[in-house]
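Letter by letter, the chains look like this.
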Amino acid sequence: MNAPTYLLGGHQSDFAKVWSRQGQDVSDMVRESALGALEDARVNPSAIQSIHVGNAFGELQRQQAHLGAMVAQVVPELWGVPAMRHEGACASASLAVLTAMAEIEAGRYDCVLVVGAEEFKNTPGDVASQNQNAASWQGHEDIECRFMWPAAFGLVAAEYERRYGLDRKHLNRIAELNYGHAKRNPLAQTRKWAFDPLAFTDDDEANPVIEPGTRRQDCGQITDGACSLVLASPAFAAAHARRTGVALHTLPRITGWGHTNAGLRLKDKFERSKNDALVFPHVRQAIEDGWRRAGVSGIAAIDGIETHDCFTTTEYMAIDHFGLTPPGQSWQAVEDGSIEPGGRCPMNLSGGLIGCGHPVGATGARMLWDAARQVTGRAEAAQIEGARRVQTLNIGGSCATVVSFVVEAGAA
């Protein structure tokens, strides 16, 4: 990257809200989040030159497609602004951000709005779960199960067990940490949840098996929600800083990114990496690309991480793929407190997908917004002391689409 992309403001909806119970739907989420981001950024709608929407399952959940045009429908001030929608399963919003950044870097536009939104609670849980199977290779995964994604990431746990050994107590601890972090997040879906004393053990009543390798507390929370961001070029950000009286170097900026893809089918990924040190080498590549573009040497330069814990196994995977431990030894960082508040690289102090919630098409934007809040000291009770550089890792499907961003603030 020759120049950073600035993040002027953002807005996350309350992930505990069930919009359909109030006679609302995804259009209302889009409106609230877009207007909230503009207000937070102190940017007039007339400054927005392009719009990108991340959404994965609108057609299946609400029979609503064409969500790029939804923004102008519910925010008339944006009528006429070019817009498009992006789908990459759980990484949909990250793809929207990448496209917005590309437009800014190309000099096409200087100020771009990104909206991530997803509605899940308008259908029964089993229906929503079935709809999410569209992010797998339908009819080709060769996984006998009732629930595809708990089964798929249960197989990731089994692959770790086969290659390196795996003690489930470390997965239980990841769940316990992320639910605990969520209690300090006023927008987290689970902030008021209470748990049985045995909830973070392998007790079959308090923490039942959903699919082999995956128990209830291992699972991220599929929820309703939206998160919007206002992105800007260095020139626009400099003018904005002068207009608002904010020092330019204190604004959060995306200094690095990585984006890799693999095929849809999970077992093909295992086969391809059977002789590699890591289970998902292309995940590591996305992380390293983020470091390279940001001009940093590696994980030692990162103050915190917002990672994709759709299941505890994906956070466990992220630990060794970020290089916090040698391959297969993620348990070390769980045991020694490295990923906890005050540790050498805290993870998911927002609560992550497990605690904060996972409105699929919005998650990549939410991660990026939490990273921006961290590096500007706006994370309140979730703040990582002294954080100046935070990285995200967002995956779609069984690590089929992978995006990582490096976010910084402070001295340029």
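Throughout this description, residue numbers start from 1 for each chain and increase along the sequence as written. Only residues with pLDDT of at least 70 are given local features in this predicted model, and only at 80 or more are side-chain atom pairs given and counted; all residues enter the totals for whole chains, interfaces and linings. The side-chain values count all of the structure's non-hydrogen atoms but skip hydrogen atoms and water molecules.

**Section: the overall build of the chain**
Part 1 of the reasoning: Numbering of helices and strands runs from the N terminus, with a helix taken as a DSSP run of H or I at least four residues long and a strand as a DSSP run of E at least two residues long. Helix and strand counts for the chain stand at 14 helices and 11 strands.
Part 2 of the reasoning: For the radius of gyration, the atom set is restricted to C-alpha positions; the globular benchmark scales as 2.2 Å times the number of residues to the power 0.38. Relative to the compact-globule value of 22 Å for 412 residues, the chain shows a C-alpha radius of gyration of 20 Å, a close match.
Part 3 of the reasoning: By principal-axis analysis of the C-alpha atoms, the chain measures approximately 55 × 45 × 40 Å.
Part 4 of the reasoning: Residue contacts are defined here by distance: any two heavy atoms, one from each residue, within 4.5 Å place the two residues in contact. Of the contacts formed within the chain by residues at least 6 apart in sequence, a portion of 77% connects residues at least 24 apart.

**Concerning the state of the cysteines**
Part 1 of the reasoning: Two cysteine sulfur atoms make up a disulfide if the distance between them is within 2.5 Å. Summed over the entire model, instances satisfying the criterion amount to 0 disulfides.
Part 2 of the reasoning: Here C345 is not cross-linked by a disulfide; its sulfur's nearest cysteine counterpart is in C399, at 18 Å.
Part 3 of the reasoning: Of all cysteine sulfurs in the structure, the one in C310 sits closest to C399, which takes part in no disulfide; the separation is 7.5 Å.
Part 4 of the reasoning: A simple rule labels every residue: compare its accessible area, found with a 1.4 Å probe on the protein chains alone, to the largest value its type can have, and call it buried under 20%, exposed over 50%, or partly exposed in between. The buried category is assigned to C399, whose relative accessible area is 0%.

**Points about the layout of surface pockets**
Part 1 of the reasoning: Cavities and pockets were defined on a 1 Å grid built from protein atoms only: a cavity is a group of points that admits a 1.4 Å probe but offers it no way out, a pocket is an open group of points flanked by protein on both sides within 12 Å along at least five of seven lines, and a lining residue is one with an atom within 4 Å of any such point. Grid points are joined across faces, edges and corners, and a volume is the space filled by probe spheres set on the points. Of the pockets and cavities examined, the largest pocket occupies roughly 730 Å³.
Part 2 of the reasoning: When residues of the lining of the largest pocket are traced back to their parent elements, those giving at least two are α5 (125–132) and α6 (148–163).
Part 3 of the reasoning: Ranked by residue count, the leading element in the lining of the largest pocket is α5, at 5 residues.
Part 4 of the reasoning: Under the grouping applied here, Gly and all other residues not named as nonpolar or charged are polar, the nonpolar ones being Ala, Val, Leu, Ile, Met, Phe, Trp, Tyr, Cys and Pro and the charged ones Asp, Glu, Lys and Arg. Class assignment for the residues of the lining of the largest pocket results in 20 nonpolar, 11 polar and 3 charged.

**Comments concerning the pairing of strand β11 (residues 401–408)**
Part 1 of the reasoning: In terms of burial, β11 is a largely internal element, 8 of the 8 residues being buried.
Part 2 of the reasoning: Burial of β11 is two-sided: the residues T401, V403, F405 and V407 facing one way and the residues V402, S404, V406 and E408 facing the other way are all buried.
Part 3 of the reasoning: Two strands make a pair as long as DSSP finds a minimum of two bridges between them. As paired strands, strand β8 (residues 253–261) and β11 are joined by 8 bridges and run antiparallel to one another. Counterpart to T260 in the pairing with β11 is V402.
Part 4 of the reasoning: Two strands pair when backbone bridges link them, and strand β10 (residues 389–396) and β11 are joined in this way by 6 bridges, in the antiparallel orientation. Within β11, the residue paired with R389 across the bridge is E408.
Part 5 of the reasoning: Where β10 folds back on β11, the antiparallel hairpin that results is connected by 4 residues, among which G397 adopts a positive phi of roughly 65°.

**A few points about the nonpolar core**
Part 1 of the reasoning: Membership of the largest hydrophobic core comes to 56 residues, with the highest contact counts inside it found for F280 and F322.
Part 2 of the reasoning: Residue assignment for this core shows that the elements contributing at least two residues are α6, α7 (168–182), α9 (266–272), α10 (281–294), α11 (312–321), α12 (331–335), β10 and β11.
Part 3 of the reasoning: Per-element accounting of this core gives the leading share, 8 residues, to α6. Within this scheme, the nonpolar core is defined by two criteria: the residues are buried Ala, Val, Leu, Ile, Met, Phe, Trp, Tyr or Cys, and they are joined through side-chain atoms within 4.5 Å.

**Describing the packing of aromatic side chains**
Part 1 of the reasoning: Classification of ring pairs uses Phe, Tyr and Trp, with its six-membered ring standing for Trp, and accepts pairs whose centres are within 6.5 Å; under 30 degrees between planes counts as stacked, over 60 as edge-to-face, and the remaining range as tilted. By the definition in use, this model includes 11 aromatic pairs.
Part 2 of the reasoning: Measuring from centroid to centroid gives 6.4 Å for W193 and F195, while their planes differ by 55°, and the two rings are tilted.
Part 3 of the reasoning: What makes F195 partly exposed here is its relative accessible area of 26%.
Part 4 of the reasoning: Three or more aromatic residues joined by ring pairs make a cluster, and in this case those are Y179, W193, F195 and F200.
Part 5 of the reasoning: The rule is short: NZ of Lys or CZ of Arg within 6 Å of the ring centre and within 35 degrees of the ring normal puts a charge over the ring. Taking the ring centre of W19 as reference, the NZ or CZ of K17 above it sits at 3.6 Å.
Part 6 of the reasoning: If you follow R293 out to its NZ or CZ, it ends over the ring of W257, 3.6 Å from the centre.

**What to know about helix α8 (residues 234–244)**
Part 1 of the reasoning: The complete set of buried residues in α8 reads A237, A238, H240, A241 and T244. Considered in projection along α8, the buried side chains sweep an arc of 165° and stay on one side of the axis. Opposite its buried face, α8 presents the exposed residues A235, R242 and R243, each directed more than 90 degrees away.
Part 2 of the reasoning: In this structure, the buried side of α8 is in contact with β1 (5–12), α1 (26–41) and β7 (225–232).
Part 3 of the reasoning: At the C-terminal side of α8, G245 shows a positive phi close to 75°. The directions from the helix axis to the C-beta atoms are what the arc is built from.

**Looking at the packing of α7 against α11**
Part 1 of the reasoning: Contact pair α7 / α11: the axes reach a minimum separation of 9 Å and the direction vectors enclose 100°. Judged by the angle between their axes, α7 and α11 are roughly perpendicular. When α7 is examined against α11, the residues H170, L171, I174, A175 and N178 are found in contact with a partner set consisting of T312, T313, E315, Y316 and I319. To obtain an axis, a line is fitted to C-alpha atoms, over the contacting stretch when the element is a helix, and the angle between two such axes runs from 0 to 180 degrees between their N-to-C directions. Orientation categories follow fixed angle ranges, with anything under 35 degrees roughly parallel, anything over 145 roughly antiparallel, 65 to 115 roughly perpendicular, and all other angles oblique.

**Quick notes on the pattern of salt bridges**
Part 1 of the reasoning: Any carboxyl oxygen of Asp or Glu within 4 Å of a side-chain nitrogen of Lys or Arg constitutes a salt bridge here. Applying the stated rule across the entire model yields 23 salt bridges.
Part 2 of the reasoning: The residue D40 makes a salt bridge to R378 at a minimum N-O spacing of 2.7 Å. Of this pair, D40 sits in helix α1 while R378 sits in the loop between α14 (363–375) and β10, and the two are 338 residues apart along the sequence.
Part 3 of the reasoning: Given a relative accessible area of 26%, D40 falls into the partly exposed group.
Part 4 of the reasoning: Residue R373 is joined to D370 by a salt bridge in which the shortest nitrogen-to-oxygen separation is 2.7 Å. Of this pair, R373 and D370 both sit in helix α14, 3 residues apart, which is roughly one turn of the helix. Here R373 matches D370 in class, with each residue buried.

None of this, on its own, says anything about what the molecule does.
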